[in-house]
Amino acid sequence: MLDLKFVRANPETVKEGLKKRGISVSLDEFLKLDEKRRSLLTEVEELKSKRNTVSEKIGEMKKAGEDASKMIEEMRQVGDQIKELDAQVKEVEEKMENELLSIPNIPHESVPFGESDEDNEEVRRWGEPRKFDFEPKAHWEIGEKFDILDFERGAKVAGARFTFYKGLGAALERACINFMLDLHTREHGYVELFPPFMVNSGAMIGTGQLPKFAEDMFKIENSDYWLIPTAEVPVTNIYGGEVLKEDQLPIYHCAYSACFRAEAGAHGRDTRGLIRQHQFNKVELVKFSKPEDSYEELEKLTANAEKVLQLLELPYRVVTLCGGDLGFSAAKTYDIEVWLPSFNAYREISSCSNFEDYQARRANIKYKPKKGKASYVHTLNGSGLAVGRTVSAILENYQEADGSIIIPKLLRPYLGGLEKIEAK
RNA sequence: GGAGAGAUGGCUGAGUCCGGUUGAAAGCGCUCGACUCGAAAUCGAGUAGGCGGGGCAAAACCUCGCCUCGUGGGUUCGAAUCCCACUCUCUCCGCCA
């Protein structure tokens, strides 16, 4: 959420910033509401002030045994006016709140202009995509061949975009999760959380999924619970409504969670394999930092996510998302894209963002500096990494001519020393 | 699921029966100052947030006002205090992985 005072004072800056996203928002209506709100407030506050002073006087008169019935009658009428005006204020404020919650974050100045993922700017590459001297198989073919991924039965018991991992497939998924969590907690200084997989609407508003993107998520019937689309939601909201101490910052959390996404509007895209599932696993990195440090923290967070791919020896590239491809709440995002032979392309495996104070304002997360007033922290997060896509990348990049799959060295301890998956 | 207790500032905790200088005692913590070579101890001062108006180009800051004692409603001239609903926490019982 943008700062109301900032929008009021700098509507042109806001419009200009949103232009980078390719959206033009008219703030005229909003600013008109703002003016209306303020004039209503002036009016109603004057009445309330009057009521307060007169009520006090009534108390004194009663104590002195004097008759105050005339004043009481007058104040009764004032009370009715106040009630009427308060209702108007509430209505205006609700409209404004809705409006404000629906305005996306303003992109950072370093974010490139552009309309779609084609306009994202490549920052760096790591590793060299392998040249196969045979026709490499897609991970879904490999998964079925070894009977370690069962898409058909996933569809049978749940539906499209659900999968059973089986045997070494399940073990590989679990090994990746543990490998990532161990790396981030032991080497990168993150404190692990195991979050709730469902949250309430307040948390979803806090990180920006609501009110605009309800159709992208799964809602639990007859309750205010939503299945989390990412651990970002519970983990970022963990300090919602709190004032942190300066010396607590920066806070680093990592968390494994299952993620649930409705994938509305993705019909026909990535229908095969593990790339786009309604339920997938992810290890998430979340940071809370002082505003002046957040962009440095974004670089470090991205490097922490990249480290996973480096250790697994999977080639990748990093891109800066252009304005048109930027997520709703983010000010700047780096996507890490892993090489997937079946696509003959790099595919997103992590998205690392700085939200600046956008989420902090919505979730009301502040910190108190040693000197000065409490102000909003900056929040960041990134996948470290999406696990299903990591498994896909391993299966595809590590396949051999004889059909076997080499296990990356650092994962072997997590699989009882297993060196390769091969036909029995 | 049943019965009961509770929710007050950064924290602990009074006030709630009996509505009116209580936005809130006291203590702790924190900040600044004094003392000290320095620290501790001691002493003094300060210390909730949000919104709106004015001062101001703006921020800081100052000032006036409004709102906030879990949340939302109600009663009343006036509510932390009375009534209703909800949420959460704790204790006991039942059930359960």
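Our subject is the structure listed above.
These numbers were taken from a predicted model, which means no experiment stands behind them.

Caption draft 1: Spotlight on the packing of aromatic side chains. Taken as a whole and judged by the stated rule, the model has eleven aromatic pairs. Ring geometry for Phe132 versus Phe134: centroids 5.3 Å apart, planes at 75 degrees, classification edge-to-face. Where Phe328 meets Tyr358, the ring centres are 6.0 Å apart and the plane angle is 80 degrees; that geometry is what we call edge-to-face. Here the residue Phe328 occupies a position in the loop between β10 (316-320) and β11 (332-340), and Tyr358 occupies one in helix α11 (residues 358-363), the gap between them amounting to 30 residues. Neither residue differs from the other here; Phe328 and Tyr358 are each classed as buried. In this structure an aromatic cluster arises from ring pairing among Phe194, Phe197 and Tyr256. The side chain of Lys20 reaches across the aromatic face of Phe113, ending 5.3 Å from its centre. Over the ring of Tyr252 we find Lys287; its NZ or CZ atom is 4.2 Å from the centre of that ring.

Caption draft 2: Molecular detail of the sheet that holds strand β9 (residues 279-289). Spatially, eight strands are ordered β1-β10-β11-β12-β15-β9-β8-β4 in an open sheet, and the strand pairing comes out mixed. Of all strands in the sheet, those with a lone pairing partner are β1 (121-126) and β4 (191-193), marking the two edges. Between one strand axis and the next, the sheet turns by 25 degrees as a mean value, whatever way the strands run. Against the sheet, helix α7 (residues 168-186) touches β4, β8 (251-260), β9 and β15 (378-386), its axis set at about 10 degrees to β9.

Caption draft 3: Structural view of the sheet that holds strand β14 (residues 375-376). Sheet architecture is open: three strands sit in the order β7-β13-β14, paired in mixed fashion. Edge strands, defined here as strands with exactly one partner in the open sheet, are β7 (243-245) and β14. Bridge count between β7 and strand β13 (residues 366-368): three bridges; the pairing is parallel. Its bridge partner being in β13, Lys245 is matched across the sheet by Lys368.

Caption draft 4: Structural context of the pairing of β11. Summarising burial for β11: nine of the nine residues are buried, a large majority. Bridging between β10 and β11 involves five bridges; their strand directions are antiparallel. When the sheet's bridge partners are listed, Val319 is paired in β11 with Asp335. Sheet topology note: the β11/strand β12 (residues 345-356) ladder contains nine bridges and is antiparallel. Across the sheet, the residue bridging to Glu337 is Glu348, located in β12. Taking the residues between adjacent antiparallel strands as the criterion, β11 and β12 are bridged by four residues, where Asn344 takes a positive phi near 50 degrees.

Caption draft 5: Region of interest: the nonpolar core. Met180, Leu309, Leu314, Ile336, Leu395 and Leu411 are the most contacted members of the largest nonpolar core, which totals 56 residues. When neighbours within four sequence positions are excluded, Leu309 is seen to be in contact with Trp126, Leu314, Tyr316, Ile336, Val338, Ile349 and Leu385. With 30 residues, the next largest nonpolar core counts Val7, Leu18, Met71 and Leu101 among its residues.

Caption draft 6: Quick peek at helix α10 (residues 294-311). Under the 1.5 Å per step criterion, the end-to-end length of α10 is 26 Å for 18 residues, consistent within 8% with the ideal 26 Å. Inspection of α10 places Ser294, Glu297, Leu298, Leu301, Thr302, Asn304, Ala305, Glu306, Val308 and Leu309 among the buried residues, and these make up the whole buried set. Note on α10: the residue one or two positions beyond its end, Glu313, has a positive phi of about 55 degrees.

Caption draft 7: Main features of the protein's contact with RNA strand B. Lining the immediate surroundings of RNA strand B are 20 residues, of which Arg8, Arg37, Arg38, Ser55 and Arg76 lie closest. Ser49 places a side-chain nitrogen or oxygen 3.3 Å from a sugar or linking oxygen of RNA strand B. Lys62 places a polar side-chain atom, nitrogen or oxygen, 3.3 Å from a base nitrogen of RNA strand B. If you tally residues by element for the surface near RNA strand B, the top one is helix α3 (residues 28-63), at twelve residues. Classifying every residue of the surface near RNA strand B by side-chain character gives four nonpolar, four polar and twelve charged.

The rules behind each value
Residues numbered from 1 in each chain as written. Chains lettered and ligands numbered in written order. Predicted model: local features only at pLDDT ≥ 70, side-chain atom pairs only at ≥ 80, totals over all residues. Heavy atoms only, no water. Phe/Tyr/Trp six-rings, centres within 6.5 Å; stacked < 30°, edge-to-face > 60°. Helix = DSSP H or I, 4+ residues; strand = E, 2+ residues; numbered from the N terminus. Buried < 20%, exposed > 50% of the residue type's maximum accessible area, 1.4 Å probe, protein only. Lys NZ or Arg CZ within 6 Å of the ring centre and 35° of its normal. Pairing = 2+ DSSP bridges. Axes fitted to C-alpha atoms, helices over the stretch in contact; angles between N-to-C directions. Contact = heavy atoms within 4.5 Å. Core = buried A, V, L, I, M, F, W, Y, C linked by side-chain atoms within 4.5 Å. Expected span 1.5 Å × (residues − 1). Near = heavy atom within 4 Å. Polar contact = N/O pair within 3.5 Å; in protein donor to acceptor, adjacent residues only side chain to side chain. Nonpolar A, V, L, I, M, F, W, Y, C, P; charged D, E, K, R; others polar.

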